[in-house]
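Descriptive structure summary
What follows is the residue order along each chain.
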Amino acid sequence: MQSAEITALPVVARWQPIHQPLLLQRQVELWVYQLNTAIPQLSGNKWLKLKYHIAQAQQAQKAGFLTFGGAFSNHLAAVAAMCRYHGLKSLAYVRADQLDNHNPTLAFCLQQGMQIQLLSREQYRLRNDAGFLQQLQQQHQHFLIVPEGGSSVAGASGVAELELDLTPNGKASHIICAAASGGTLAGIINGAGCKVLGIAVVKDPSLPARISQLLHSSNNQQNWSLNTDFCGAGYARFDDSVLQFCREMAQQQLYLEPIYTGKALAGVFALIKQGYFPPGSRLSFFHTGGLQGLAGLHYRKLITNADFALLSGLAAD
Ligand SMILES: Cc1ncc(COP(=O)(O)O)c(C=O)c1O
């Protein structure tokens, strides 16, 4: 078995102020917090959600991670890169009927050495089932099972270390992020000293309970909320208004994709318009990464060449 150590990957943190007439009108300040690494698949929330899983694997002398994801999942790309970086193996159970080697996410995962097993949609529903997980653990005893999205106590602990309320202009009134499997939001709530708002990008009635399970104490349960008004037609579906919003933000050198960060930040703007945030609010939005997903949207022709270049920042001068 190879040994693994959490090697600090150089991470560059950046606060980006957003300027829009609406913000001035409503007297709301908006900052975007970005966390970039030399391995783009680990930027945003990814390194944080996986680093204590590395520690767990190391302690338990595991050979690698076993995890779950969709065929274009940011989490799978992150696990593949994280395990490769630490000399660990990675094995993914992927929701797909066949393996498409041209899918850019899976091509990346394979290139990082990830082993891929396919699960039908029906089988994939068992990914959190205790019996199924026990069976997998018996089959793959030398692997640490990391839940979908890296949303576990370990995943939330990494995110809790961020100081997202400390903007360059002073303390934030609200910290905001996209929520899907819930670990990122739970970590922020555990670490925050201000109100926290999650914008759900999935239609999942179990999400609030899944977040609550990862929270430290009942104290901070008062301090957060989950908005479910902006997931539109559901996970990974987006309408042209979200895409148009991503284009507008790209003109300000803020690069978003429409499944997570674009959908959530567009929701924040809608809330600002509705007067949800009192005048004088200072918002801190966590950019959770996920730009690798743009290649998959482009591959499926869900975005044009021009949008792919613009939203990835490749069209910038
Ligand atoms: C880019 C991006 N943003 C936000 C999220 C949501 O994070 P979580 O699944 O912890 O709710 C994900 C999923 O992990 C993601 O890939």
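Rules of the game
Residues numbered from 1 in each chain as written. Predicted model: local features only at pLDDT ≥ 70, side-chain atom pairs only at ≥ 80, totals over all residues. Heavy atoms only, no water. Pairing = 2+ DSSP bridges. Helix = DSSP H or I, 4+ residues; strand = E, 2+ residues; numbered from the N terminus. Axes fitted to C-alpha atoms, helices over the stretch in contact; angles between N-to-C directions. Domains from an automatic or database assignment. Buried area = accessible area lost by both parts, 1.4 Å probe. Salt bridge = Lys/Arg side-chain N within 4 Å of Asp/Glu carboxyl O. Nonpolar A, V, L, I, M, F, W, Y, C, P; charged D, E, K, R; others polar. Near = heavy atom within 4 Å. Polar contact = N/O pair within 3.5 Å; in protein donor to acceptor, adjacent residues only side chain to side chain. Areas by Shrake-Rupley, 256 points an atom, 1.4 Å probe, with all protein chains shown as cover. Buried < 20%, exposed > 50% of the residue type's maximum accessible area, 1.4 Å probe, protein only. Right-handed = clockwise from strand over helix to strand, strands pointing away. Contact = heavy atoms within 4.5 Å.

1. Examining the sheet that holds strand β11 (residues 224-227)
With mixed pairing, the six strands of this open sheet are ordered in space as β1-β2-β12-β9-β10-β11. Among the strands making up the open sheet, the edge pair consists of β1 (11-17) and β11. Taken over all neighbouring pairs, the strand axes of this sheet differ in orientation by 25 degrees on average, direction set aside. Pairing of β1 with strand β2 (residues 29-37) involves seven bridges; the strand directions are antiparallel.

2. Side note on the domain arrangement of the protein chain
If you check the domain split of the protein chain, you get domain 1 (11-42 + 161-312) and domain 2 (46-150). Both sides of the domain 1 and domain 2 interface together cover about 1,700 Å² of buried area, and 58% of this is carbon and sulfur. Sorting the residues of domain 1 by area buried against domain 2 places Q41, L42 and Y299 first, and these three jointly supply 34% of that buried surface. Put simply, domain 1 and domain 2 have one salt bridge between them. E161 is the salt-bridge partner of K51, the closest N and O atoms lying 2.7 Å from each other. Top contributing element to the side of domain 1 that touches domain 2 by residue count: helix α12 (residues 293-299), with four residues. The residue inventory of the side of domain 1 that touches domain 2, partitioned by class, reads nine nonpolar, eight polar and three charged.

3. Overview of the site of the ligand
Taken together, 16 residues lie near the ligand, and K46, K49, S181, T184 and T288 sit nearest. At 2.7 Å from an oxygen atom of the ligand is found a side-chain nitrogen or oxygen belonging to K46. The side chain of T184 places a nitrogen or oxygen atom 2.7 Å from an oxygen atom of the ligand. For the ligand, whose unbound accessible area comes to 390 Å², protein coverage reaches 98%. Elements that contribute at least two residues to the shell around the ligand include exactly α2 (46-59), β9 (174-179) and α8 (183-191). A class-by-class count of the residues in the shell around the ligand yields four nonpolar, 10 polar and two charged. The residue makeup of the shell around the ligand includes at least three contributed by each of domain 1 (11-42 + 161-312) and domain 2 (46-150).

4. Some points on the pairing of β9
Counting buried positions along β9 gives six out of six residues, so the element sits mostly inside the fold. Looking at chain direction, β9 and strand β10 (residues 195-200) are connected through six bridges and run parallel. Bridge assignment links I175 to a residue of β10, and that residue is V196. Running through α8, the crossover from β9 to the neighbouring parallel element β10 is right-handed.

5. Digging into the pairing of β10
A large share of β10 lies buried, amounting to five of its six residues. Pairing of β10 with β11, which is carried by four bridges, proceeds in the parallel orientation. Bridge assignment links G198 to a residue of β11, and that residue is L226.

6. Side note on the sheet that holds strand β3 (residues 64-70)
Strands pair in a sheet through their backbones, by hydrogen bonds, and they do so in one of two ways: parallel or antiparallel. As summarised here, the arrangement of the four strands in space is β5-β4-β3-β6, forming an open sheet in which the pairing is parallel. Of all the strands in the sheet, just β5 (115-119) and β6 (143-145) have a single pairing partner and so form its edges. With direction set aside, neighbouring strand axes in the sheet form an average angle of 30 degrees. Alignment of β3 against β6, held across three bridges, turns out to be parallel. Bridging from a neighbouring strand, F65 pairs with L144 of β6. Docked against the sheet, helix α3 (residues 74-85) engages β3 and β4 (89-95), running at close to 160 degrees with respect to β3.

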